[in-house]
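In case you want the letters, here they are:
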Amino acid sequence: MKAIITYSLLFASVLSFAQKAEADPFVCPPCNNNCDNLTFDKAGKCPHCGMELIQKSKLLKKKMTICFYLQDGVEVLDFAGPMEVFSYAGAKIFTVSKTKNPIKSQGILKVTPDYDIIDAPPFDILAVFGGNSGNASEDPEVINWIKTRKPTTQYYFSVCTGAFILGKAGLLDNLTVTTFHESIERLQKAVPSAKVLPDTRFVDNGTIITTAGISAGIDGALHLVEKLGGKESAIRVATYMEYDKWIPGQGLIVKNP
């Protein structure tokens, strides 16, 4: 009788584990390959792309769609660092520019935008970046496009002088923000009602996150992943990227009344 009870408990334990595995399968972090839609029953490497498999529940709690607006001359690391962070966290990312013509990042890397400002689909987060940011901030058509998307945009994220783009769209008025260390005074003049902070990796105003220059975009992106998916998700991404500079809680989080 004791053996039967022990076997029953063992069977129940195995069944429970199997049910949990089925309910929370392992998946390949989004890499824009066919393996994005596959599921696996145990940890390991994706047999198709080689990326480390993770449990589906450890992706962002809500799969966010992020629009990366890229202008000609955009700084490579400004957008490439956050793109790596958001991609491994499980976000859906696409690129937009004023037109679909190829642009050059820092005059070197050619990028062909997925969409232009006419046919870009809806998105949850708009991300803008430095590097010839005046190309976008001084373009009335681009700024008007950002304004028209405001009703459906949940978060705004800027890196470096990308803050000037948000500022021109009126999104930084009366906020505490930051930007590239050599552009602090210039942004303060551009948005007089804002408080522009130096020596701050990122500033989170709730729905608008601005970061300092270049590499600081990685810190801001990890903070946004933590905000949307929890600290464990952000730590997992930072570990995968071997980015040991990130310190959870770093930066300024503004407590709005």
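Our subject is the structure listed above.
Residues numbered from 1 in each chain as written. Predicted model: local features only at pLDDT ≥ 70, side-chain atom pairs only at ≥ 80, totals over all residues. Heavy atoms only, no water.

A. Representation of helix H4 (residues 140-148) within the structure. Within the sequence span of H4, burial applies to Val142, Ile143, Trp145 and Ile146. For H4, the angular spread of buried residues about the axis comes to 155°, placing them on one side. Projecting away from the buried face of H4 at angles above 90 degrees are the exposed residues Pro140 and Glu141. Check the buried side of H4 and you find it contacts strand E4 (65-69), strand E5 (92-97), strand E9 (125-128), helix H3 (134-137), strand E10 (155-158) and helix H5 (163-168). Regarding H4, its N-cap is aspartate 139, as a side-chain oxygen of that residue lies 3.0 Å from the backbone nitrogen of glutamate 141 further along. (Buried < 20%, exposed > 50% of the residue type's maximum accessible area, 1.4 Å probe, protein only. Helix = DSSP H or I, 4+ residues; strand = E, 2+ residues; numbered from the N terminus. Arc of directions from axis to C-beta. Contact = heavy atoms within 4.5 Å. Polar contact = N/O pair within 3.5 Å; in protein donor to acceptor, adjacent residues only side chain to side chain.)

B. Representation of the packing of aromatic side chains. Summed over the entire model, instances satisfying the criterion amount to nine aromatic pairs. Taking 5.8 Å as the distance between ring centres and 40° as the angle between the ring planes, the aromatic pair formed by tyrosine 69 and tryptophan 145 counts as tilted. Here the residue tyrosine 69 occupies a position in strand E4, and tryptophan 145 occupies one in helix H4, the gap between them amounting to 76 residues. According to the relative accessible area criterion, tyrosine 69 is buried, its value standing at 1%. The exposure class assigned to tryptophan 145 is buried, which follows from its relative accessible area of 5%. Put simply, the rings of Phe68, Phe79, Phe86, Phe129 and Phe157 pair up and form one aromatic cluster. Here the guanidinium or amino end of arginine 186 rests over the ring plane of phenylalanine 164, the centre of that ring lying 4.3 Å away. (Phe/Tyr/Trp six-rings, centres within 6.5 Å; stacked < 30°, edge-to-face > 60°. Lys NZ or Arg CZ within 6 Å of the ring centre and 35° of its normal.)

C. Quick look at the pairing of strand E14 (residues 208-211). Here E14 shows a buried face lined by Ile208 and Thr210 and a second buried face lined by Ile209 and Thr211. The sheet contact formed by E10 and E14 spans three bridges and is parallel. Following the sheet pairing, tyrosine 156 is matched in E14 by isoleucine 208. In the sheet, strand E13 (residues 202-204) pairs with E14 via three bridges, with the strands oriented antiparallel. Pairing of phenylalanine 202 across the sheet is with threonine 211, part of E14. The antiparallel pairing of E13 with E14 creates a hairpin that spans three residues between the two strands, and glycine 206 there sits at a positive phi of about 105°. (Pairing = 2+ DSSP bridges.)

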